Amino acid sequence: MRRVVTFHYTLRDPAGQLLDTSAGGAPVTYLEGAGQIIDGLDEQLRPVSAGAKVRVLVPAAKAYGERDPAQVQRIERARLPVDGGLKVGDRFQAGDDRHAPVVLVVAIEGDQVLLDANHPLAGVDLTFEVEVVAARPASAEELRHGHAHGPEGIGHD
Ligand SMILES: [Zn+2]
């Protein structure tokens, strides 16, 4: 049985630094096995019931993947879609498409710029503190659509 699960989370890196949290905002709702949250979290929350608080460690490979050295590339400054100043640590979208990857400026060497297109959390083992707020069986329609419906999910006619 696949469920629709609603949860709050706090995400930390291995040093314990806060990366993200839903505290103070809306909880997250997802359909199990639909790829709506990272795989490792989806898998490890399967046996967790509503009301439970758990700590879930997700290795990088099951979160945002390992770092890929091929995603670090040297580009001519003049070819970048950025006006004005550019400095190490800047992030910008590498293209007009809104799905274009966000790249990080790693180094600037003369008219060449070293860009890293890895996800900022690639190679990072993640620790989630999760509180499952609600869990219910998914409806046949939700399973067909591949997402949750209802007030906490996606609304459509
Ligand atoms: Zn739907």
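Here, every reference points to the structure presented above.
Rules of the game
Residues numbered from 1 in each chain as written. Predicted model: local features only at pLDDT ≥ 70, side-chain atom pairs only at ≥ 80, totals over all residues. Heavy atoms only, no water. Helix = DSSP H or I, 4+ residues; strand = E, 2+ residues; numbered from the N terminus. Rg over C-alpha atoms; globule rule 2.2 N^0.38 Å. Buried < 20%, exposed > 50% of the residue type's maximum accessible area, 1.4 Å probe, protein only. Contact = heavy atoms within 4.5 Å. Areas by Shrake-Rupley, 256 points an atom, 1.4 Å probe, with all protein chains shown as cover. Lys, Arg positive; Asp, Glu negative; His and termini not counted. Charge placed at Lys NZ, Arg CZ, Asp CG, Glu CD. Phe/Tyr/Trp six-rings, centres within 6.5 Å; stacked < 30°, edge-to-face > 60°. Core = buried A, V, L, I, M, F, W, Y, C linked by side-chain atoms within 4.5 Å. Polar contact = N/O pair within 3.5 Å; in protein donor to acceptor, adjacent residues only side chain to side chain.

Participant: Whenever I open this one, the overall build of the protein confuses me. Can you help?
Facilitator: Helix and strand content of the protein: two helices and nine strands. What you see in the protein, going N to C, is helices and strands ordered as β-β-β-α-β-β-β-β-β-β-α. In summary, the protein has a C-alpha radius of gyration of 19 Å against a globular reference of 15 Å for 157 residues, an excess of more than 25%. Once the C-alpha set of the protein is aligned to its principal axes, its extents read approximately 60 × 40 × 30 Å. By residue count, 34% of the 157 residues in the protein fall in the buried class. Once local pairs closer than 6 in sequence are excluded, the contacts in the protein between residues at least 24 apart make up 59%. Counting every atom, the protein has about 9300 Å² of accessible surface; 50% of that belongs to carbon and sulfur. Averaging the coordinates of the 16 positive side-chain charges in the protein and doing the same for the 23 negative ones gives two points 3 Å apart.

Participant: Quick question: what am I supposed to make of the packing of aromatic side chains here?
Facilitator: Counting across every chain of the model gives three aromatic pairs. Between the aromatic rings of Phe7 and Tyr9, the centroid separation amounts to 5.9 Å while the plane-to-plane angle is 50°, which identifies the pairing as tilted. The same class applies to Phe7 as to Tyr9, namely buried.

Participant: Would you mind showing me how to read the nonpolar core here?
Facilitator: Formed by 19 residues in total, the largest nonpolar core has its most connected members in Leu41, Leu126, Phe128 and Val130. If you list the elements that add at least two residues to this core, you get β1 (3–12), α1 (39–45), β4 (53–58) and β9 (126–137). Excluding residues within four positions of it along the chain, Phe128 makes contact with Tyr9, Thr10, Leu11, Ile38, Leu41, Val54, Arg55, Val56 and Val58. One finds Leu86, Phe92, Val103 and Val105 within the second-largest nonpolar core, a separate group that totals nine residues.

Participant: How should the environment of Asp68 be read in this particular structure?
Facilitator: The topology assignment puts Asp68 in the loop between β4 and β5 (72–76). Along the primary structure Asp68 and Pro81 are separated by 13 residues, whereas in three dimensions their C-alpha atoms are 23 Å apart. A distance of 2.9 Å separates a polar atom in the side chain of Asp68 from the backbone nitrogen of Ala70.

Keep in mind these numbers describe shape, not what the thing actually does.
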